[in-house]
Amino acid sequence: MRRTVRFLVALAVALVLMLCFRALAFTIYTIDGQGLSPQFCKGDRLLVNRWSYGLRVGGDDWLFSYTRIGRQPVQRGDIVAFQHPNNSNEVLICRCKAIPGDTIQHDGQTIIVPGRVTCAEYDQYWMENIGTGNVIDSRRLGLISETLIIGRVTTVVYSHDTEQPFWKGWRRDRILLSL
């Protein structure tokens, strides 16, 4: 009986630690589209460092407002995971093209002018996919608030062609591929 109780306690502690680690440190997201090809393929599993821009604390459903502990600014060129502004269950992966202080001109083609009078407010970022077509990024969503940013993509953990059966389609050249 004691062995069973100890085992269950150890299992519960391991589960709680795993959930805390996943919620606070790293998360894995899957690429579903072709918006960041050729750098990323459909089926890539990306490791997102949730601490890269500081720990997100607060929000609408907390008792206090949003803040980041150990805040680090998003850099131009970072590949970022962020929540869709209109659907908090959807996560998008895009490259940061403009940071606060940049002027953005968008007329079919985005032009970024660093360091001029800004049209991006404080903590607002312009995110773009590499691909063209029906991609969801700042060209459709507008500026992305820092409150929506989850973290920076650091590694392709592994990749599997979703069109292939489970036992086939593993891309061995894309295992633990650092960015």
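This is a predicted model, so every value here is computed, not measured.

All right, on to the overall build of the protein then. Per the secondary structure count, the protein includes 2 helices and 12 strands. Along the protein, helices (α) and strands (β) appear in the sequence α-β-β-β-β-β-β-β-β-β-α-β-β-β when read from the amino end. Each of the 179 residues in the protein was classed as buried or not, and the buried ones make up 35%. Put simply, 48% of the contacts in the protein that link residues at least 6 apart link residues at least 24 apart. Total accessible area computed for the protein in this model is approximately 11300 Å², and 57% of it derives from carbon and sulfur atoms.

One recurring pattern in soluble globular proteins is that nonpolar side chains are buried together. Counting 13 residues, the largest nonpolar core has Val-74, Val-80, Phe-82, Cys-96, Tyr-125, Met-127 and Ile-149 as its most contacted members. Looking at this core, the elements that each hand over two or more residues are strand E5 (79-84), strand E6 (87-98) and strand E9 (124-128). In terms of residues, this core owes the most to one element, E6, which gives 3 residues. Sequence-distant contacts of Phe-82, that is, excluding residues within four places in its chain, are made with Glu-90, Val-91, Leu-92, Cys-94, Met-127, Leu-141, Ile-144, Leu-148, Ile-149 and Ile-150. Among the nonpolar cores identified, the runner-up in size contains 12 residues, and Val-48, Ala-81, Ile-93 and Val-156 belong to it.

Below, the discussion takes up the pattern of salt bridges. Per the counting criterion, the structure on display carries 3 salt bridges. Among the ionic pairs, Arg-174 bridges to Asp-44, the shortest N-O distance being 2.6 Å. Of this pair, Arg-174 sits in the loop between strand E11 (149-159) and strand E12 (177-178) while Asp-44 sits in strand E2 (residues 44-49), placing them 130 residues apart in sequence. With a relative accessible area of 0%, Asp-44 lands in the buried category. With a shortest N-O distance of 3.9 Å, Asp-161 and Arg-171 are connected by a salt bridge. Taken together, the positions of Asp-161 in the loop between E11 and E12 and Arg-171 in the loop between E11 and E12 put the pair 10 residues apart, joining distant regions of the chain. In the salt-bridge network here, residues are joined through shared partners; they are Asp-44, Asp-161, Arg-171 and Arg-174.

Bringing the packing of aromatic side chains into the picture now. This structure, assessed with the given rule, holds 1 aromatic pair. Seen in terms of ring centroids, Tyr-158 and Trp-170 are 5.7 Å apart; in terms of plane orientation they differ by 40 degrees. Their pairing is tilted. Linking Tyr-158 in strand E11 with Trp-170 in the loop between E11 and E12, this pair joins segments that are 12 residues apart in sequence. Judged by relative accessible area, Tyr-158 falls into the partly exposed class, the value being 30%.

Glancing now at the side chain of Thr-154. With respect to the helices, strands and loops of the structure, Thr-154 is situated in strand E11. When sequence neighbours within four positions are dropped, the list of residues in contact with Thr-154 reads Leu-47, Asn-49, Ser-178 and Leu-179.

A cluster of nonpolar side chains, contributed by Tyr-158, Phe-166, Trp-167, Trp-170, Ile-175 and Leu-176, occupies part of the molecular surface with about 730 Å² of accessible area. Among the secondary structure elements, Leu-176 is positioned in the loop between E11 and E12. On the accessibility criterion, Leu-176 (60% relative accessible area) is exposed.

A few words now on the side chain of Ser-138. Structurally, the position occupied by Ser-138 is in helix H2 (residues 138-141). Other than its neighbours up to four places away in sequence, Ser-138 contacts Tyr-125, Trp-126, Met-127 and Ile-144.

In the predicted model, the protein carries a mean pLDDT of 78, and the fraction of residues at 70 or more is 79%. The secondary-structure element of the protein with the lowest mean pLDDT is strand E8 (residues 110-113), recorded at 64, while E5 shows the highest, at 91.

What follows concerns the pairing of E6. Judged from the 6 bridges that link them, E5 and E6 form a sheet pairing that is antiparallel. Of the residues in E6, the one forming a bridge with Ala-81 is Ile-93. Hairpin remark: E5 followed by E6, antiparallel, with 2 residues in the connecting loop. Sheet topology places E6 next to E9; 3 bridges connect them, and they run antiparallel.

Conventions adopted
Residues numbered from 1 in each chain as written. Predicted model: local features only at pLDDT ≥ 70, side-chain atom pairs only at ≥ 80, totals over all residues. Heavy atoms only, no water. Helix = DSSP H or I, 4+ residues; strand = E, 2+ residues; numbered from the N terminus. Buried < 20%, exposed > 50% of the residue type's maximum accessible area, 1.4 Å probe, protein only. Contact = heavy atoms within 4.5 Å. Areas by Shrake-Rupley, 256 points an atom, 1.4 Å probe, with all protein chains shown as cover. Core = buried A, V, L, I, M, F, W, Y, C linked by side-chain atoms within 4.5 Å. Salt bridge = Lys/Arg side-chain N within 4 Å of Asp/Glu carboxyl O. Phe/Tyr/Trp six-rings, centres within 6.5 Å; stacked < 30°, edge-to-face > 60°. Patch = residues over 30% accessible without salt bridge, like charges linked within 9 Å, V, L, I, M, F, W, Y side chains within 5 Å. pLDDT = per-residue confidence, 0-100. Pairing = 2+ DSSP bridges.

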